[in-house]
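Chain residues, written in single-letter form:
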Amino acid sequence: MAVGTLEAERRGTRPANLRVDWWWLQPAITFVVLLGFVVYSTWTVFTPHDFYAGPSVGRHYLSPYYSPCITNRCKGGTTWNLVSWWPFSAGILMMPFPILFRATCYYYRKAYYRSFWLSPPACAVPDAHGSYTGESRFPLILQNLHRFAFYLIIPFPIILLWEAIKGLEFGSGHWGLGLGSIILFVNAFLLGFYTLGCHAGRHICGGHLNAFSKGPVRYWVWKQMTRFNLHHMGWAWTSLVFVAWTDIYIRLVASGVIHDPRLF
Ligand code: FES
């Protein structure tokens, strides 16, 4: 550590970074993966083709980025045709919900505050900014919308599970199991586990009780959510990476680049 830096710390002008380990590695990896995910997700919702592996390839797989399929511009999946006036990609309509949920998630906030804003980049490493105003004013006060985002996202894992079940149909009333079906199921469960471990959801479902004895059902729900909450960071990352992977797989099958193996 340079003598000048320690002297500055002593005078209180700037705290020193005394860490000599690879503290920067975790925020650097977080930065790369999150940025890659944002770039890929943006591309895929603005590329409205090959998001559905349909009868032409003998499958019934819909990309999670386009699910639920509520416009008449969708080519498959559970198409509800609720929106007929939308002239753009159906994926754009669905994106605000997961964006709001993930961007305001308590875990992701920590992750991107550290990796993108360097505020602070790691424990015992000085903040890159001269002042700290917290989340008490605009725009970061909007992070408090997370509890409402929790309500909005609840239907999504259920719909994804329904799409995975529909993916078991191989046409003409025949049912089976393809690798794509397994991927769709895993994706639905990962998003479900991530949602069930939500800190805000855990509080809403039972954490706000002053006495658990007064709400035995809510206490039971709270205990179950706590199991997922313990690994919230893990579910956050696996569900994030897997949703992109699911989309890539379906696009490759839909475009005929790869053949989806059928297990039975
Ligand atoms: S805190 Fe992470 S999803 Fe709610």
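Data block above holds the structure.
Residues numbered from 1 in each chain as written. Predicted model: local features only at pLDDT ≥ 70, side-chain atom pairs only at ≥ 80, totals over all residues.

## Regarding the overall build of the protein
When its secondary structure is counted, the protein shows 11 helices and four strands. Referenced to the eigenvectors of the C-alpha coordinate spread, the extents of the protein come out at roughly 80 × 50 × 40 Å. Taken over 264 residues, the protein has a buried fraction of 29%. Across the protein, the fraction of contacts at a sequence separation of at least 24, relative to all contacts at a separation of at least 6, is 65%. (Helix = DSSP H or I, 4+ residues; strand = E, 2+ residues; numbered from the N terminus. Buried ≥ 20, exposed ≤ 12 C-beta atoms within 10 Å, placed from the backbone. Contact = placed C-beta atoms within 7 Å.)

## Some remarks on the environment of Val-57
For Val-57, the location among the structural elements is in the loop between strand S1 (52-53) and strand S2 (61-62). Once you skip the residues sitting within four places of it in the chain, Val-57 turns out to touch Val-253, Ala-254 and Gly-256.

## Some remarks on the nonpolar core
One broad trend across soluble globular proteins is that nonpolar side chains are buried collectively. One finds Ala-53, Tyr-61, Tyr-66, Leu-191, Ile-250 and Val-253 to be the most contacted residues of the largest nonpolar core, which totals 35 residues. Within the residue set of this core, elements represented by two or more residues are S1, S2, helix H3 (90-94), helix H6 (146-153), helix H7 (155-166), helix H8 (179-196) and helix H11 (232-254). Residues within four places of Leu-191 in sequence aside, it is in contact with Phe-156, Pro-157, Leu-160, Ser-239 and Val-243. (Core = buried A, V, L, I, M, F, W, Y, C linked by C-beta atoms within 7 Å.)

## Here we look at unusual backbone geometry
A cis geometry characterises the amide bond from Ser-67 onward to Pro-68, with omega recorded as 0 degrees. Within the fold, Pro-68 resides in the loop between S2 and strand S3 (69-71). Ser-119 connects to Pro-120 through a cis peptide bond whose omega is -15 degrees. Residue placement: Pro-120 occurs in the loop between helix H5 (106-115) and H6. Residues other than glycine seldom take positive phi values, yet Asp-50 does so here, at roughly 60 degrees. One can find Asp-50 in the loop between helix H2 (25-45) and S1. The exposure class assigned to Asp-50 is partly exposed, which follows from the 18 C-beta atoms found within 10 Å. Backbone geometry at Ala-124 places phi at a positive 65 degrees, although glycine is not the residue there. Following the sequence through the fold, Ala-124 ends up in the loop between H5 and H6.

## Some details on helix H4 (residues 96-103)
Those residues of H4 not exposed but buried are Pro-98, Phe-101 and Arg-102. Buried residues of H4, viewed axially, fall in a sector of 90 degrees; they line one side. (Arc of directions from axis to C-beta.)

## A look at the environment of Ser-255
Position of Ser-255 among the secondary structure elements: in the segment after H11. Judged by the 12 C-beta atoms lying within 10 Å of it, Ser-255 falls in the exposed class. Here the alpha-carbon distance between Ser-255 and Ser-56, two residues 199 residues apart in the chain, equals 9.8 Å.

## Examining the packing of H8 against H11
Helix-helix packing: each pair is described by the crossing angle between the helix axes and the interaxial distance. Packing of H8 against H11 leaves a shortest axis separation of 9 Å and a crossing angle of 155 degrees. The orientation of H8 with respect to H11, classified from their angle, is roughly antiparallel. The way H8 lies across H11 gives a crossing that is left-handed. Residues Gly-180, Ile-183, Leu-184, Val-186, Asn-187, Leu-190, Leu-191, Phe-193 and Tyr-194 of H8 touch H11, and the partners they reach there are Trp-235, Ala-236, Thr-238, Ser-239, Phe-242, Val-243, Thr-246, Tyr-249, Ile-250 and Val-253. Residues that form the contact of H8 with H11 fall into these classes: 14 nonpolar, five polar and no charged. (Axes fitted to C-alpha atoms, helices over the stretch in contact; angles between N-to-C directions. Parallel < 35°, antiparallel > 145°, perpendicular 65-115°, else oblique. Left-handed = near helix turned anticlockwise from the far one by under 90°. Nonpolar A, V, L, I, M, F, W, Y, C, P; charged D, E, K, R; others polar.)

## Points about H6
Residues of H6 that are buried: His-146, Ala-149 and Phe-150. With its buried residues spanning 110 degrees around the axis, H6 presents them on a single face. At its buried positions, H6 is contacted by H4 and helix H9 (199-207).

## Comments concerning the packing of H2 against H5
At a minimum axis distance of 9 Å, the contact between H2 and H5 shows a crossing angle of 105 degrees. Regarding the angle of H2 to H5, the classification is roughly perpendicular. Between H2 and H5, the residues in contact are Pro-27, Thr-30, Phe-31 and Leu-34 and Ala-111, Tyr-112, Arg-114 and Ser-115, respectively. A breakdown of the residues in the contact of H2 with H5 according to their chemical character gives five nonpolar, two polar and one charged.

## Let's talk about the environment of Ala-122
With respect to the helices and strands, the residue Ala-122 is situated in the loop between H5 and H6. Separated by 50 residues in the primary sequence, Ala-122 and Asn-72 have C-alpha atoms spaced 47 Å apart. Leave out the neighbours within four places in its chain, and Ala-122 touches Trp-23, Pro-27 and Arg-114.

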